[in-house]
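Descriptive analysis of the structure
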Amino acid sequence: YHEGEVAFDEVLVEEEDGRDTISLVVVGHVDAGKSTLNGHLLYALGCVDQKVMHRNERDSKTMGKASFAFAWLMDGNSDERERGVTIDVGVNTFATEHRRIQLLDAPGHRDFVPNMISGAAQADAAVLVIDGSTGEFESGFHAGGQTIEHTVLVRSLGVQQMIVAVNKMDNVGYSQKRFEEIKSEVGAFLKRAGYRSEDVSFVPVSGFKGENLLERKEEDLKKWYAGPTLVELIDRLHPPVRAVDQSMRMVVGDVFRTQGLGLCVAGKLDAGGVKVGDSLLFRPGEVETVVRSVDRHGKRLKHARAGDSVTLALNGDREDLENVRVGHVLCCPRNPIPMVTSFLAQILTFDIAVPLTIGFQGVMYWQSVNEPVTLNRLLCLVDKSSGEISKKRPRAIGSSSTAIVQVHCQRAVCLERFADYKQLGRFTLREGGTSVAAGTVMKLL
């Protein structure tokens, strides 16, 4: 086999402890308690240093935000702490009985939806955190709340498994009636958004109290709920099929320098495998590089495969490597990722106020990249249930419609056909701060 490609038998070596890695994104309306839930979960699982927790408890009291002590385990930067909101996508890892979990804490605030998109683009499954408090669920779920946009986005980015954590149940006395009410409303909505009922589970929790994350203590909850805890549900998630036998692809999620290793890039391997000594190529920019070391969750590895989140230390021309940016794609030089300015896509519009017409200008979000695009042809509308063409050359595309369109970018972008690489063939269209449509790439032009 050629360098830059990993022998297939070598890629399939089982991981050291046999646990499958699952990337889990946590989404929901702003203030639904996502960071507190994640922080408490990591604390309960013993992934947090006691000193850090004590410091957070002390600092949060000083700032008059005592209830934020757990959230701060996820929201590290001072801007996030001042505002009490998550801005970036925080990453933490923990292990359950059968799974190794990479936890992505995505921002719920409307201003930061693009950051959420780049988090969800790496995820295999999602936890949707819903605020069960009276009135709060309604504001997150109905009038312009983020719950709906997040759920539709996460689904359009390819996440099929969803755990719905009904949080802050301590505020409603662990009421079964409240839980069932939210479950039936959200369940019906998820079905409409394209989730299969067997891929969705609901769990009542309190992130602040730590109730039903790993165990149940509250009698009010025990007397009616005997189902799995949040961790048990996470442990039951199915790892998706990984594209290990395809050419290597990794979208750069972070670029940094260390004194010992020089230039490093981090990201999730979308396809293929990578090992020390591989010659790889960055696109755009055509920068050549050689892998110096491979790390996963702080452990040095000989090689990694699709589905792993890794940090690669790289060798190469220093000046060229200075041009590597987040969103660039690291790929196998013999079969590099295509670069195009125009492509055909099948799009599904969300609940939009103004129909899409020829000449529509928006922003395409692909992985962690955003590019201005124009729709320059509307080829046809497609019947959702049969997949047949229902109308050729429509003048406009309304709400909740499926259509095939030609998309034009202002400059060449890296893209794959959805049929070849699922994760690299999906994108989201946004305009003026709202998500307009989700799409899959059918043909590169």
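Residues numbered from 1 in each chain as written. Predicted model: local features only at pLDDT ≥ 70, side-chain atom pairs only at ≥ 80, totals over all residues. Heavy atoms only, no water.

**Here's the deal with the overall build of the protein**
Under the convention used in this document: Starting at the N terminus, helices and strands are each numbered in turn, a helix being any DSSP run of H or I of at least four residues and a strand any DSSP run of E of at least two. Only protein chains enter the calculation, and the probe is 1.4 Å; a residue is then buried if its accessible area is under 20% of its type maximum, exposed if over 50%, and partly exposed in between. In this analysis, two residues are considered to be in contact whenever any of their non-hydrogen atoms come within 4.5 Å of each other. The method behind every accessible area is Shrake-Rupley, applied with a 1.4 Å probe, and residues are considered shielded solely by the protein chains displayed.
A count of helices and strands for the protein gives 12 helices and 22 strands. Residues counted as buried form 53% of the 445 residues belonging to the protein. Put simply, 71% of the contacts in the protein that link residues at least 6 apart link residues at least 24 apart. Accessible surface, the protein as shown: approximately 19700 Å² in total, 48% of it carbon and sulfur.

**Looking at helix α9 (residues 176-192)**
Cut-off, in case you're wondering: An expected span of 1.5 Å times one less than the residue number is assigned to each helix. Picture the helix axis, draw a direction to every C-beta atom, and the arc is the one those directions span.
A rise of 1.5 Å per residue sets the reference length of α9, with its 17 residues, at 24 Å; its end C-alpha atoms lie 24 Å apart and thus fit the reference within 8%. Buried within α9 are the following residues: R178, F179, I182, V186, F189 and L190. In an axial view of α9, the angular spread of the buried residues amounts to 105°, which keeps them on one side of the axis. Exposed and oriented more than 90 degrees from the buried face of α9 are K177, K191 and R192. Two residues or fewer after α9 comes G194, characterised by a positive phi angle close to 105°.

**Focus: the pattern of salt bridges**
Oppositely charged side chains can form a pair if their charged atoms are brought close together. Rule in force here: When a carboxyl oxygen of Asp or Glu is within 4 Å of a side-chain nitrogen of Lys or Arg, the pair counts as a salt bridge.
Throughout the structure, instances matching the rule amount to 20 salt bridges. Of the charged contacts in the structure, one is a salt bridge between K222 and E219, with a shortest N-O distance of 3.8 Å. With K222 and E219 both in helix α10 (residues 219-222), this residue pair falls 3 residues apart, about one helical turn. A salt bridge links E371 to R411; the shortest N-O distance between them is 2.7 Å. One end of the pair, E371, is in strand β18 (residues 369-382); the other, R411, is in strand β20 (residues 402-414), with 40 residues separating them in the sequence.

**Quick word on the pairing of strand β6 (residues 200-204)**
To keep things clear, this is the line we draw: Strand pairing is defined by DSSP finding a minimum of two bridges between the two strands. Note on handedness: a clockwise path from strand one over the helix to strand two, with the strands aimed away from the viewer, defines a right-handed crossover.
Most of β6 sits inside the fold, with 4 of its 5 residues counted as buried. Sheet topology note: the strand β5 (residues 161-167)/β6 ladder contains 5 bridges and is parallel. Within the sheet, the bridge partner assigned to V166 lies in β6 and is P204. Crossover handedness for the path β5 to α9 to β6: right-handed.

**Comments concerning the pairing of strand β16 (residues 339-349)**
Alignment of β16 against β20, held across 9 bridges, turns out to be antiparallel. Following the sheet pairing, L348 is matched in β20 by T402. Where β16 meets strand β22 (residues 434-444), 7 bridges bridge the pair, whose relative direction is antiparallel. Along β22, the bridge assignment pairs A345 with V441.

**So, the state of the cysteines**
The following threshold applies: The disulfide definition used here is simple: a pair of cysteine sulfur atoms within 2.5 Å.
In this structure the tally under the stated criterion is 0 disulfides. Here C332 is not cross-linked by a disulfide; its sulfur's nearest cysteine counterpart is in C331, at 7.4 Å. Among the residues examined, C332 registers a relative accessible area of 0% and is labelled buried.

**Quick look at unusual backbone geometry**
The omega angle of the peptide bond from R283 to P284 is -10°, so this bond is cis rather than trans. Of note, P284 is situated in the loop between β10 (279-283) and β11 (287-296). Backbone geometry places N212, a non-glycine residue, at a positive phi of 65°. Within the element layout of this structure, N212 appears in the loop between β6 and α10. By relative accessible area, which is 0% here, N212 ends up buried.

**Quick word on helix α2 (residues 34-44)**
Counting buried positions along α2 yields 9 of 11 residues, so the element is predominantly enclosed. Regarding α2, the residues found buried are K34, S35, T36, L37, N38, G39, H40, L41 and L42. Phi for G46, located one or two positions after α2, is positive at around 75°.

**A look at the packing of aromatic side chains**
For the record, the criterion: Classification of ring pairs uses Phe, Tyr and Trp, with its six-membered ring standing for Trp, and accepts pairs whose centres are within 6.5 Å; under 30 degrees between planes counts as stacked, over 60 as edge-to-face, and the remaining range as tilted. By definition, being over a ring means that NZ of Lys or CZ of Arg is both within 6 Å of the ring centre and within 35 degrees of the ring normal.
This model, assessed by the stated rule, comprises 4 aromatic pairs. Ring centres 6.0 Å apart and planes at 70° place the aromatic pair W224 and Y225 in the edge-to-face group. Taken as a pair, W224 and Y225 share a single burial class, namely buried. With centroids separated by 5.6 Å and ring planes inclined at 80°, the aromatic side chains of F343 and F427 adopt a geometry described as edge-to-face. Here the residue F343 occupies a position in strand β16, and F427 occupies one in strand β21 (residues 426-431), the gap between them amounting to 84 residues. In this pair, the class of F343 matches that of F427, namely buried. One aromatic cluster is present, built from ring pairs that chain together F179, W224 and Y225. Directly above the ring of F418 sits K422, whose terminal nitrogen or CZ lies 5.4 Å from the centroid.

**Brief notes about the confidence of the model for the protein**
Just so we agree on the cut-off: Confidence scores labelled pLDDT are given residue by residue by the predictor and lie between 0 and 100.
With 80% of its residues at a pLDDT of at least 70, the protein reaches an overall mean of 81. Within the model, the stretch residues 1-15 combines pLDDT values under 50 with 40 contacts to residues more than four positions away or in other chains. A low-confidence stretch, residues 108-112 stays under pLDDT 50, and its non-local contacts, those more than four residues away or across chains, total 21 contacts.

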